[in-house]
Structure formats: C-alpha cells, structure tokens
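What the coordinates show
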Amino acid sequence: MEKARPLWDNPLQFVFACISYAVGLGNVWRFPYLCQMHGGGGFLIPYLIMLIVEGMPLLYLELAVGQHMRQGSIGAWKAISPYLCGVGIASVIVSFFLSMYYNVINAWAFWYLFHSFQDPLPWANCPLNLNHTDYVEECEKATPTQYFWYRKTLNISPSIEESGNIQWEQAACLVLAWLVVYLCILRGTEHTGKVVYVTATLPYVVLLIYLIRGLTLHGAANGLTYMFTPKLEQLANPKTWINAATQIFFSLGLGFGSLIAFASYNDPKNNCERHAIIVSLINSTTSIFASIVTFSIYGFKATFNYENCMSKVILMLTNFFDLEEGSLTIENLEDMKNFLASTHPSEYAELLPQIKNCSLEAELDTAVQGTGLAFIVYSEAIKNMEVSQLYSVLYFFMLLMLGIGSMLGNTAAILTPLTDSKFITSHVPREMISGGVCIINFLVGLAFTLEAGNYWFDIFNDYAATLSLLLIVLVETMAVCYVYGLRRFSKDLSVMSGHKPSWYWKIMWAFVSPVLIVSLFIFYITDYIRTGTLQYQAWDATEGQLVTKDYPSGALAVIGLLVAASTLCIPLGALVTFIMKRTNP
C-alpha cells in the first residue's frame, strides 16, 4: 500500500508558507528601487496591471499543478507528459543554484546583527589608522558604512580575478545560516509548517515599527512626497513595463518548483484559486508597504545629507569671508552666494571649486538596489537614528526572517522531488537527505566568502535564474494549455475547488501570459546582445568607490554554464524520453 503523503496541518499553514517564501528580500530592496527609477507612484500602474495579467494566473497554475499531481516539480511535470521530465529537473537545478548563494545573504545578516549590539555601531565612524594619527584613508575617501561593508565584512579584492582567501568570520556565519535552515526543514512539513508562522509574521511587525519610526523622522515627508508624486511620462518607457513584469515574476518565485512543492502537501479539495489571489495580493501589498517605509528612511537620509552639506558650505563661507555667526542660513544661502560673488568676485572665484552643490533632489534621485540598499543605505540611515542599536537589531533580524523564509521554499523545491523518489527514501532517511543538501550547498557557498566572493555572488544573482525561469514557466504554461489540455485541466480544477475556472484564467493561461513571457525573453536576449561585453562593479580601495570592469573569459564561461545547465535540461529531457520510447516500445 502506498504511504500517505504528509499534509499541512491546516490551510493557513500553506498560505503562511507561500507568503514566507514569496515575500522576500526583493520586496524590501528591489521594488523601492524600481519605484525610484520609474516614476514613483506612477510605477504602481504597470505593476498592478502585470499582477493581474501575469502574477495571479501563473501562481494559480503552479499551485493547481502541485495540488492535483501531489508531487514535486519533477514528478508533476512527468505526470503531465513524460517528455516534460526536463522541466522539473531544470527547476531543481535553478533552485539549487539559488540556494548556493542566497543563504550567504543570511550569513551577512547574522554578521551585521551580531555587530548591532555595539555602541557606537561599528559602521558609524571611520577607524583610526595603525599610527592612531588619522582615519584609515580608504574609509575617508568612501564613507564609514561603505568601508564596513566592503572592507570589514567582505574584505573585497580589487577584481574578480584575485580570488584571495576565505574570510573565516563570514564562513562561520554561513555555517550558522545553514544550521538554522537545516533545523527548519529537518522533518519536512512537520517542522516547516511551524516555522513559517514566525518567518511570515515577524517581518510585518518590524516593518510596522519602522513605519511608525520612519514617519516621525526629520525629512521623511520629502521621501514620501518623492515616492507618491507620479511621473506619468515614465509610462511611455518600455523598460518601465518590462521591469514591472519582471518584478512580479521573480517576486512570486515562479518557476523554481517551490510553489508546486508546497501545494503538493495540500488537501486535494483545497481551494487553491482563493489562495493564489490571497498570496499574490499580500505579496504586492507588502512591496508597497515596504516602499513607504524605505522612502521615509530615504527622505531622512537624503535630508540629513543635504543639510549636512549645506552646513559645511555655510561654515566655509562664514570662515572665509569672516561673516557674522548666524548671518548665513539654509534659507538665504543662495542669495548670499550671489551677493558674495558680486562684491568679492576674485575671492569667491578662488573658493568656488571647493563649494559643493547641495541638492535634495539629487540625494533623492540616488537609486540603490540589492545589497547596496540593504547593507549600506539602511545602515547609513540607522546610524543617525536615536537608539540606533535597537533599530539595527530589528532591521537585520527582519532581513534574517525574510531570508530564512525564502530559503525554506528554495530547499523544498530541491527536497520534495528527492523525497518523492521511493528508491532514495527506501535507502536514506529524510534527515540525511536534508543534511546532505545543506552540506553540499554550504561547501559550494564557501566560494562566496572569498575576497572575490561578492563578485561571484553578483554573477549568480544576475544570471543563474533570469533566462532559465522565463523558459521554464513558458514551457509550463504551454504544457498545461496545449499538451495536457486546457479543457482537461479545467475539469481537474472543478473536481478540486467545486467550480471550473472562469474565462479570465483561461485567456490569461492560453494567450496573454505566454505572449508576455515570450516578450520578456526576447527583451533579455536583445539586451544582452546590445550590451556587448558583460561588465561588473569592482571596489577600488585607493579611490574609495566602485569602478566598472569587463568580466574575464573565465567568468563569462561560468555565466554561460549557469544558463545552459538548467535550460538544456528541457530539450535533453524530451530527447532522452524519445530515444527510450523508441528503443523500448
């Protein structure tokens, strides 16, 4: 008799697992960046349209496939058609690549969390040099937060070709990050189902605390005004729509196999249509909520930097022209500069190269995403807050919860197909399978703790999943609609939920979503071709800033392998199945 498949304790556990997986670091560090780049509040228009025509339909499709087939990604797509076995394998490989580097972010979060208990925060000021006569030159040329990130955390090398040594503090944090993940996935849904209550809810508590604090910060209104003032001319920019579609696609975690894995542990009669709508709406609402928090912090940081810049200019002019204390203010600075330029033209011309052009708008326009936003911009703002240690602990604890929640989904996409295999589970207990996956990922992940590790992290982050996931989800959608059959799939959904899918879902699956994915795929291919030689940002310690360099041939080969390793599984899987059917009719 076949062993009963484990189930979630209740539907709420499943919803929390999906939210914990989908609501991740991208909601906090990429969506606000896209708002900043593409017209503030105006970006919400294409974003919400893409949610309706792409996000919800594809999420519903993956949940429905997992729940009906009651298997991980490999088994589910093989059940639809033996020729699709490569689709599931491609999903597992992409999830494996993601797990290799994603947990490094959790290791960095642990590192910053441990340092958050110091007073003052270690990134608040530049350290003294060896002679204790001045500050470290690299820090002075950069900023204390940049110095702590690039030198103290990463100890980054000048280029990707100079690998350097393993940073053992980071390696220890990576061990801790994988140990936490292992304890969370040890017993499958039995453990994961309890953990997701924490990883799905605590980030909202921290975001709410940050929202209350952010709205009371000096200058927060400047950031929120910047966010909610729509620049509707950006709607005519094709990249705005492309980025909106891409953000929805990757934010929901489509194509990795995690959603199929989670749904496979559902009760067969579960209403996955309702859950798809709930999860996608909560995910998008969280992105907007996190943006309000981020832009209030942006406003505070930008206003702080602007006023600090103005104060330095006022002090310089006051001292140089021996003006009366308090005669120069931020309000009358421009008028006074014009007055001094007309009354003391030669002296003012001599001083002019040293006078910085302070602009609040320029500060707000400075767009940062990814690790730069998470570990530099936020750290910069936190250090200037009152009780900065408390807000630092809260922030990096929130990053950990978001990161661990996403890792539960990433590992589920790998483990579920493995534990579905009767051959593997009959020889190896689940605890050892989970441990083996964690150990392999940790050993590969040590490469990201090298001095050049952050450059390799960026390669994996930029190229390991993008094109592969688009191809995977395109094949998934076409397979359900045109191989398995949309009418047959509708009957299955009717049995599961009690009613057939509406015309909206059918049109999206059969036509709109595939066309959209093909458009995204073409855009990325042409963008890569137009870009020419791929480049990366390297840290120049002598200048204290990032410089652009070309990727060497070895790095380009790795990029090619990352893309090919997963995408080639789809045609190869179909070819092997075809040959086996011909040789064993």
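Given the structure is predicted, the values throughout are model-derived calculations rather than measurements.

**Description of the pairing of strand β2 (residues 545–550)**
- Pairing geometry for strand β1 (residues 535–540) and β2, over 6 bridges, is antiparallel. Pairing of alanine 538 across the sheet is with valine 547, part of β2.
- Hairpin connection, β1 to β2: the antiparallel pair is bridged by 4 residues, and glycine 544 has positive phi, about 70°.

**Concerning the nonpolar core**
- One finds Trp77, Tyr210 and Phe375 to be the most contacted residues of the largest nonpolar core, which totals 181 residues.
- No other element matches the 18 residues that helix α6 (residues 85–115) contributes to this core.
- Setting aside chain neighbours within four positions, we find tyrosine 210 in contact with Val293, Ile297, Ile382, Met385, Tyr391, Ser392, Leu394 and Tyr395.
- Among the nonpolar cores identified, the runner-up in size contains 15 residues, and Cys309, Leu317, Phe321 and Tyr348 belong to it.

**Overview of the pattern of salt bridges**
- Using the criterion set out here, one finds 5 salt bridges in the structure.
- One salt bridge in this structure joins glutamate 137 and lysine 141, with 3.4 Å as the shortest N-O distance. Of this pair, glutamate 137 and lysine 141 both sit in helix α7 (residues 137–141), 4 residues apart, roughly one helical turn.
- Looking at lysine 141, the relative accessible area reads 41%, which means it is partly exposed.
- Measuring nitrogen to oxygen at the nearest pair gives 3.5 Å for the salt bridge that ties glutamate 380 to lysine 383. In this pair, glutamate 380 and lysine 383 are both assigned in helix α18 (residues 370–383), 3 residues apart and thus about one turn of the helix distant.

**Some thoughts on unusual backbone geometry**
- Cis geometry marks the peptide bond from aspartate 119 to proline 120; its omega dihedral reads 0°.
- Within the secondary structure, proline 120 is located in the loop between α6 and α7.
- Unusually for a residue other than glycine, asparagine 155 sits at a positive phi of about 45°.
- Mapped onto the fold, asparagine 155 is located in the loop between α8 (144–153) and α9 (168–185).

**Remarks on the side chain of asparagine 270**
- Checked against the element boundaries, asparagine 270 lands in the loop between α13 (258–263) and α14 (272–320).
- Taking the relative accessible area as the measure of exposure, asparagine 270 reaches 8% and is therefore buried.
- Apart from residues lying up to four places away in sequence, asparagine 270 is in contact with Pro11, Phe14, Gln67, His275 and Met496.

**What to know about empty space enclosed by the protein**
- Under the counting rule described, the total for this entry stands at 3 cavities of 30 Å³ or more.
- Estimates place the volume of the largest cavity at around 110 Å³.
- The wall of the largest cavity is formed by 13 residues, among which Gly188, Thr192, Phe262, Ala412 and Arg430 lie closest to the centre.
- Broken down by secondary-structure element, the contributors of at least two residues to the lining of the largest cavity are α10 (189–215) and α19 (388–420).
- At 5 residues, α19 tops the list of elements feeding residues into the lining of the largest cavity.
- Along the lines of polarity and charge, the residues of the lining of the largest cavity split into 7 nonpolar, 5 polar and 1 charged.
- Reported here for the second largest cavity is a volume of approximately 40 Å³.
- Lining the second largest cavity are Thr294, Ile297, Tyr298, Lys301, Leu373, Val377 and Tyr378.

**With respect to the UniProt feature "binding site: Na(+)" (unreviewed entry) in the protein chain**
- Taking the UniProt record as the reference, the feature "binding site: Na(+)" (unreviewed entry) is found at Ala22, Val23, Asn27, Ser251, Asn283, Leu402 and Ser406. Separation in sequence by 385 residues is not matched in space for these annotated residues, since their most distant C-alpha atoms are only 12.7 Å apart.
- Locating valine 23 in the fold gives a position in the loop between α1 (11–22) and α2 (25–29).
- The class for valine 23 is buried, based on a relative accessible area of 6%.
- Each residue touching valine 23, except ones within four places of it in the same chain, is listed here: Tyr204, Asn283, Thr286, Leu402 and Ser406.
- Of note, asparagine 283 is situated in helix α14.

Cut-offs applied
Residues numbered from 1 in each chain as written. Predicted model: local features only at pLDDT ≥ 70, side-chain atom pairs only at ≥ 80, totals over all residues. Heavy atoms only, no water. Pairing = 2+ DSSP bridges. Helix = DSSP H or I, 4+ residues; strand = E, 2+ residues; numbered from the N terminus. Core = buried A, V, L, I, M, F, W, Y, C linked by side-chain atoms within 4.5 Å. Buried < 20%, exposed > 50% of the residue type's maximum accessible area, 1.4 Å probe, protein only. Contact = heavy atoms within 4.5 Å. Salt bridge = Lys/Arg side-chain N within 4 Å of Asp/Glu carboxyl O. 1 Å grid on protein atoms, 1.4 Å probe; cavity = no way out; pocket = protein on both sides within 12 Å on 5 of 7 lines; lining within 4 Å. Points joined across faces, edges and corners; volume = space filled by probe spheres on them. Nonpolar A, V, L, I, M, F, W, Y, C, P; charged D, E, K, R; others polar. UniProt positions renumbered as here; feature names shortened; annotations may be inferred.

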